[in-house]
Amino acid sequence: LFEFNLRIDGSSKFIKGYQYGSFPSAAVGWRFTEESFIKPLTEKVGLTNGKFRASYGSLGNNGVGLYEQQEVLTTTNYVSTTINGSSANQIAVPGFQNRRLINRDLTWEKTTMLNLGLDMAFFENRLTTELDYYNRLTTGMIRPGDLSIFLLGAISPPRRNLGDLRNRGVEANFTW
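Keep in mind the model is a prediction, meaning the values are calculated, not measured. (Residues numbered from 1 in each chain as written. Predicted model: local features only at pLDDT ≥ 70, side-chain atom pairs only at ≥ 80, totals over all residues. Heavy atoms only, no water.)

K.L.:
I would appreciate a short explanation of the overall build of the chain in the present structure.
P.N.:
Of regular secondary structure, the chain possesses two helices and eight strands. Radius of gyration (C-alpha) of the chain: 29 Å, far over the 16 Å computed for a compact globule of 176 residues. Reported as C-alpha extents along the three principal axes, the dimensions of the chain are approximately 110 × 25 × 20 Å. Sorting the 176 residues of the chain into buried and exposed places 27% on the buried side. Total accessible area on the chain stands at roughly 12200 Å², and carbon and sulfur atoms take up 55% of it. Where the 19 positive side-chain charges of the chain centre and where its 16 negative ones centre are 6 Å apart. (Helix = DSSP H or I, 4+ residues; strand = E, 2+ residues; numbered from the N terminus. Rg over C-alpha atoms; globule rule 2.2 N^0.38 Å. Buried < 20%, exposed > 50% of the residue type's maximum accessible area, 1.4 Å probe, protein only. Areas by Shrake-Rupley, 256 points an atom, 1.4 Å probe, with all protein chains shown as cover. Lys, Arg positive; Asp, Glu negative; His and termini not counted. Charge placed at Lys NZ, Arg CZ, Asp CG, Glu CD.)

Now the structure itself:
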């Protein structure tokens, strides 16, 4: 048994050049109880069904808020100083500044998953077993940037692809 998939996702939330991500996956399986050289053994132990499984694939998550990658202006006051002879006058002048900095390298979060499994059934399918090992890794998780608010003032620091998260383990299911 074999399966292959290719998923191409697009999101208008990213800036041009980072809007698309491709995420492939594949799975294989082998029903070993269908093989002629296994048949004599299966009858001795009461094995009525057996299959090895393996799959590996990836998915993307954009994790970006609406207009997060758009430059947005906000109003602010600037202090203007005029020198008139020996005296200086300061006045507030309205103007604009960026509300946030944009991370031009922000891209898709990517989750890759490996799964290895063994399915078996015994005694005319009265006893079934499913054993699985899984390893899931998410990379490039979008997290708040590490720029100081003291450096940026009221401007929000850009988010970055900083985080990684791994989940792995073993699952077993026995049914009578």
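K.L.:
Explain the packing of aromatic side chains to me, please; I cannot follow it from the model alone.
P.N.:
Any pair of aromatic rings gets described here by the distance separating the centres and the angle formed by the planes. Throughout the structure, instances matching the rule amount to seven aromatic pairs. With 6.2 Å between their ring centres and 45 degrees between their planes, Phe122 and Phe123 make a pair best called tilted. Each member of the aromatic cluster is reached from another via a ring pair, and the members are Phe14, Phe23 and Trp108. (Phe/Tyr/Trp six-rings, centres within 6.5 Å; stacked < 30°, edge-to-face > 60°.)

K.L.:
What should I look at first to understand a nonpolar patch on the surface in this one?
P.N.:
On the surface, a cluster of nonpolar side chains totalling about 720 Å² of accessible area is made up of Phe2, Phe4, Leu6, Ile8, Tyr20 and Val28. No other element matches strand β1 (residues 2-10), which puts four residues into the nonpolar patch. When you line up the elements, Phe2 lands in strand β1. (Patch = residues over 30% accessible without salt bridge, like charges linked within 9 Å, V, L, I, M, F, W, Y side chains within 5 Å. Salt bridge = Lys/Arg side-chain N within 4 Å of Asp/Glu carboxyl O.)

K.L.:
Help me understand the nonpolar core in this model?
P.N.:
A general tendency of soluble globular proteins is for nonpolar side chains to be buried together. In terms of nonpolar packing, the biggest core is built from six residues, these being Phe14, Phe23, Val64, Leu106, Trp108 and Ile142. Those residues in contact with Val64 that lie beyond four places of it in its chain are Lys13, Phe14, Gln69, Leu106, Ile142 and Arg159. Ranked by size, the runner-up nonpolar core spans five residues in total, among them Phe32, Ile38, Leu118 and Phe122. (Core = buried A, V, L, I, M, F, W, Y, C linked by side-chain atoms within 4.5 Å. Contact = heavy atoms within 4.5 Å.)

Just geometry here; none of it tells us what the structure is for.
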